[in-house]
Protein chains: 4
Amino acid sequence: MKKILVTLAFLAASAAVFGQDKTKVDPETGFPLPQEMEHAMTEFWNPQPKVVEPGEYVGNPAPSDAIVLFDGTNLDAWQSYDGSDAKWEVKNGAMTVVKGTGDIRTKQNFGSFQLHIEWREPRNLKGSSQERGNSGVFLQGIYEVQVLDSYNNPTYNSGGAGSIYKQSAPMANPTRKPGEWNVYDIIYNAPVFHEDGTYRVYPTVTVLFNGVLVQNNTRINGTTEWIGLPEVRPHGDGPIILQDHENPVSFRNIWIREIK
Amino acid sequence: MKKILVTLAFLAASAAVFGQDKTKVDPETGFPLPQEMEHAMTEFWNPQPKVVEPGEYVGNPAPSDAIVLFDGTNLDAWQSYDGSDAKWEVKNGAMTVVKGTGDIRTKQNFGSFQLHIEWREPRNLKGSSQERGNSGVFLQGIYEVQVLDSYNNPTYNSGGAGSIYKQSAPMANPTRKPGEWNVYDIIYNAPVFHEDGTYRVYPTVTVLFNGVLVQNNTRINGTTEWIGLPEVRPHGDGPIILQDHENPVSFRNIWIREIK
Amino acid sequence: MKKILVTLAFLAASAAVFGQDKTKVDPETGFPLPQEMEHAMTEFWNPQPKVVEPGEYVGNPAPSDAIVLFDGTNLDAWQSYDGSDAKWEVKNGAMTVVKGTGDIRTKQNFGSFQLHIEWREPRNLKGSSQERGNSGVFLQGIYEVQVLDSYNNPTYNSGGAGSIYKQSAPMANPTRKPGEWNVYDIIYNAPVFHEDGTYRVYPTVTVLFNGVLVQNNTRINGTTEWIGLPEVRPHGDGPIILQDHENPVSFRNIWIREIK
Amino acid sequence: MKKILVTLAFLAASAAVFGQDKTKVDPETGFPLPQEMEHAMTEFWNPQPKVVEPGEYVGNPAPSDAIVLFDGTNLDAWQSYDGSDAKWEVKNGAMTVVKGTGDIRTKQNFGSFQLHIEWREPRNLKGSSQERGNSGVFLQGIYEVQVLDSYNNPTYNSGGAGSIYKQSAPMANPTRKPGEWNVYDIIYNAPVFHEDGTYRVYPTVTVLFNGVLVQNNTRINGTTEWIGLPEVRPHGDGPIILQDHENPVSFRNIWIREIK
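With that settled, the discussion passes to the relation of the copies chain B and chain A. Placing chain B over chain A gives an RMSD of 0.0 Å and needs a rotation angle of 180 degrees, together with 0.0 Å of translation along the axis. Such a combination of turn and shift is consistent with a two-fold rotation axis. Closest approach to the rotation axis within chain B is made by the C-alpha atom of Asn217(B), at a distance of 3.7 Å. An overlap of 100% is found between the interface residues of chain B and their copies at the interface of chain A, pointing to a shared contact surface.

Rendered as structure tokens:
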């Protein structure tokens, strides 16, 4: 055993000392690959968004030209990642994550849009930071607007409810108590790409969270990664994805208006 | 009389034929001044914004950090243009234009902000186009988001409810029937100026009208003139102004959150 | 006299009331059409761009990845509007407008690009304002960067050399004397359209004029009309067009780098 | 062996669970501080910018309204960081880094501007990647446009000549051979800040490198750090800073035009 531990210690030390040594080389080009990051490198807790008590706004009904994605009765507009039926629970006008059944996605893909979605944390959540009531709304299946129980629950500021996950902290924290419904009104403008797959026009997003502005035409810089920097990869229209992060978060009153 | 009419006809003809003749010269520089426009030159009726029936959204209450500009009881936050007390009527939780008393403006000035404001047209309005239920919400006292009874009332498309007056038609027309309350949720980002008074950063505005997106981070090109082109003049913070356009339009539930 | 004045007053009043009378009606919709403008309505002479004496920069040669549109020897990359051969004169390494032969356009169409082009006014030009050495470079065949002898030749400020014609005055006037070569380095980013033909992303343009910045990522608002407001119409890639405005303006050293 | 594997698995698991352990805690707030990054985490070698052979453009002289920062004769416009005289060598119309004398900065501060600057690598440079001919031009003293001998010298793509250091790779690589002069024409628009010190308007930059567009109105996301993510801190006008990176890089023909 001793030998092994020594070896491990040696490896750790060399990693610390030789930094770039840890960088792998791309066998195709011979160039170094970027050293891998760790998740805590993109976690900034200070400052925390100021807490705002929202008004009672909730339940904004769908306008006549909206596509209703969930009216409380069924998951017909949704499917699992593998194309099979969505397996979340539908009850009392809400859909709820069933842990382990995976994310669900709309069958329809979208470009730019206005999205209304309501979500609720269960009352007796335990855990803290990202471990409390975690879910997410992915725009075009890629860019996550974080869902989290951010009521009296500090976390890194671009990881709380209303954040563009690990990119943009919300301008305020108007999260309601667990057990109460929250509302996102999201205006999303899809990206346009160069031929080489980089952004010509970045995606942008405005978010009203319980009627409070938390993202003000924020530029999205790429995918919303837990570990590492945003990645840029070209894509066309994509679904709305709701995340199974193993917490029984509920959603309801989901509608979308396409911006063509 | 005949002679007079002839003279008038001659003048009209010469104006038509010699165009530039009507252009005055700037006595200071000797340069021509731009020929004056007429209001109908900036009135484009086609296409009409598509009619959308909004959901029942109304009455979004003020978040805890909002400045309440009108809670239904008094005009304490407002004044007339000359600094005297605002003279509009306050009754049943609403304020209503009293024809001829003039525009009213907030005592406080604002830069960028999120504004919530509700408005209602009287039930028995007559007239058509701009002559029906005309009022307006002026951002920083300068840039008008039009208020009009646009329910079954066509007008030029950048003159209807939800337009940036004579600059940007709304993306949809979700106006409710006269007698019902309408809602504007406005996100406004103030301009930044060059030293010469031109825009370095143009003002932009997003408008949700009865919960329906009608302005999507629209650039404002200058003042919102009835006659002629937008004008650019430097300014600092300014008030919210509500317009007395001689129609008894009502307002209520007005609150604003500053974006510093 | 009194009677006359009364009559005049009456006419003035009726003009005010019936203003829209001059507006024609769209037979299809029954809606008024916008009243037609006159050219002098969009001509603003004050202020004049400040005169800057440029450095001697001229003749920037093509980088290896540029498409050479004119190397001084032939018009092979160009054609007339009707598809026939371009009929301008090629002599001494320059091409020169042959009055009445019409605009010429590149055979190839372009999206976004970096364009280098040099132009020269003849020495003994007569006339003033727009009547002196007028030509133009049309980006994507639609948006004109004005070419004019602006050396000691005032005109409306968005009509001089380096302007986006009738939209954006140049930030400075570094025009060289007639007989000397001028240089435009233009960075143009093409628009993206909504399905309804309006801009989703406006075209933008940066212009260095004889090495002096005169357009700083300027948004183009639509077509560059002599009479009336910019028009927005959807389009794809388009040619570079050089204008035959009946003045013998010369061009040389034209190359373009595509931004894909 | 089995035991060993178990141990390794345990270590891996604890790393996953306690990952944040490496993160220090902010003594003031009790919140975790972000884990520190290593420089190789922001180094992306693939793809390399395409090599373009530029035209012969060099030496664009100053327009009449430019502030000449270096005309080849003296360092009067410059100083060391501590306010003492700049100690770089002036010879044959160029200034050259004297290793160890430190960066030099303009005495004057600037907001937005157009900057022309020429730079040259010595002929017999050794080393590779960032170790060859490294220097930099800092806009407002903060945002680095990289200077490097990128002629046949691969490095991470946002670290080569023409890059916004560690933020934005150049669109092309037109670097000339060591011993030849290179040219940057830079159009920089300064940021505007929110009260909390975040960007309201991000800085943007366009760079022509030997006449080739390499930055196309690129948004700058914050400081250009060697290690870690860009940082956002509020600032006013600032100097042009030229970097002493211990390599004898030369500069000449430096002029700037303010954009007020």
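Continuing now.
Attention shifts here to the domain arrangement of chain A. Each assigned domain of chain A is listed here: domain 1 (1–35) and domain 2 (36–258). For domain 1 of chain A versus domain 2 of chain A, the separation of C-alpha centres amounts to 37 Å.

Contact with chain D, which involves 28 residues of that partner, is made by 28 residues of chain C. Of the roughly 2100 Å² buried where chain D meets chain C, counting both sides, 56% is carbon and sulfur surface. Of all residues in chain D, Ile187(D), Leu213(D) and Asn216(D) give up the largest surface area on contact with chain C, accounting jointly for 18% of the area buried on that side. Taken together, the links from chain D to chain C amount to 2 salt bridges. Between Lys50(D) and Asp65(C) there is a salt bridge, with its nearest N and O atoms 3.0 Å apart.

Per the stated rule, a full pass over the model turns up 46 aromatic pairs over all chains. A ring pair is formed by Phe110(A) and Phe113(A), whose centres lie 6.4 Å apart and whose planes are at 75 degrees; its orientation type is edge-to-face. With respect to class, Phe110(A) is no different from Phe113(A); both count as buried. When the ring centre of Tyr202(C) is taken as reference, the NZ or CZ atom of Arg219(C) above it lies at 3.5 Å. Over the face of the ring belonging to Tyr156(D) we find Lys166(D), whose NZ or CZ atom lies 4.9 Å from the ring centre.

Residue and element names in this part refer to chain B. With antiparallel pairing, 5 strands are arranged side by side in an open sheet as S2-S5-S14-S7-S8. Edge strands, defined here as strands with exactly one partner in the open sheet, are strand S2 (78–80) and strand S8 (143–147). Across 2 bridges, strand S5 (residues 104–106) lies against strand S14 (residues 241–242) in antiparallel orientation. Of the residues in S14, the one forming a bridge with Ile104 is Leu242.

The next subject is the interface of chain B and chain A. Contacts between the two partners involve 28 residues from chain B and, on the opposite side, 28 residues from chain A. Summing both partners gives a buried area of about 2100 Å² for chain B against chain A, and 56% of it is carried by carbon and sulfur. Our count for the contact surface shared by chain B and chain A stands at 2 salt bridges. Applying the counting rule to chain B against chain A returns 10 residue pairs in polar contact (both at pLDDT 80 or more). No other element matches the 4 residues that strand S13 (residues 212–219) of chain B contributes to the side of chain B that touches chain A. Within the side of chain B that touches chain A, the residues separate by chemical class into 14 nonpolar, 9 polar and 5 charged.

With antiparallel pairing, the 5 strands of this open sheet are ordered in space as S2-S5-S14-S7-S8 (chain D). This sheet does not close on itself; its edge strands, each paired only once, are strand S2 (78–80) and strand S8 (143–147) of chain D.

The next subject is the pairing of strand S9 (residues 181–189) of chain B. Residue and element names in this part refer to chain B. Across the 9 residues of S9, 9 count as buried, placing the element largely inside the fold. Side chains of S9 alternate between two faces, with Trp181, Val183, Asp185, Ile187 and Asn189 and Asn182, Tyr184, Ile186 and Tyr188 buried alike. One ladder, built from 6 bridges, connects S9 with strand S12 (residues 204–209); its direction is antiparallel. Counterpart to Ile187 in the pairing with S12 is Thr206.

Following the criterion strictly, the structure yields 32 salt bridges over all chains and no others. Residue Lys166(A) is joined to Glu43(A) by a salt bridge in which the shortest nitrogen-to-oxygen separation is 2.7 Å. Pair noted here: Lys166(A) is in the loop between strand S8 (143–147) and strand S9 (181–189) and Glu43(A) is in the loop between helix H1 (2–18) and strand S1 (67–70), with a separation of 123 residues, a long-range link. Look at Lys166(A) and you get buried, because its relative accessible area is 11%. Judged by its relative accessible area of 2%, Glu43(A) falls in the buried class. The partner of Glu258(B) in a salt bridge is Lys260(B), with the nearest N and O atoms 3.7 Å apart. The exposure class of Glu258(B) is partly exposed, given its relative accessible area of 30%. What you see here is one network of salt bridges that share partners, running through Lys50(A), Asp65(B) and Arg257(B).

Each value, and the rule that gives it
- Residues numbered from 1 in each chain as written.
- Chains lettered and ligands numbered in written order.
- Predicted model: local features only at pLDDT ≥ 70, side-chain atom pairs only at ≥ 80, totals over all residues.
- Heavy atoms only, no water.
- Least-squares fit on C-alpha atoms with pLDDT ≥ 70 in both.
- Contact = heavy atoms within 4.5 Å.
- Domains from an automatic or database assignment.
- Buried area = accessible area lost by both parts, 1.4 Å probe.
- Salt bridge = Lys/Arg side-chain N within 4 Å of Asp/Glu carboxyl O.
- Phe/Tyr/Trp six-rings, centres within 6.5 Å; stacked < 30°, edge-to-face > 60°.
- Buried < 20%, exposed > 50% of the residue type's maximum accessible area, 1.4 Å probe, protein only.
- Lys NZ or Arg CZ within 6 Å of the ring centre and 35° of its normal.
- Pairing = 2+ DSSP bridges.
- Helix = DSSP H or I, 4+ residues; strand = E, 2+ residues; numbered from the N terminus.
- Polar contact = N/O pair within 3.5 Å; in protein donor to acceptor, adjacent residues only side chain to side chain.
- Nonpolar A, V, L, I, M, F, W, Y, C, P; charged D, E, K, R; others polar.

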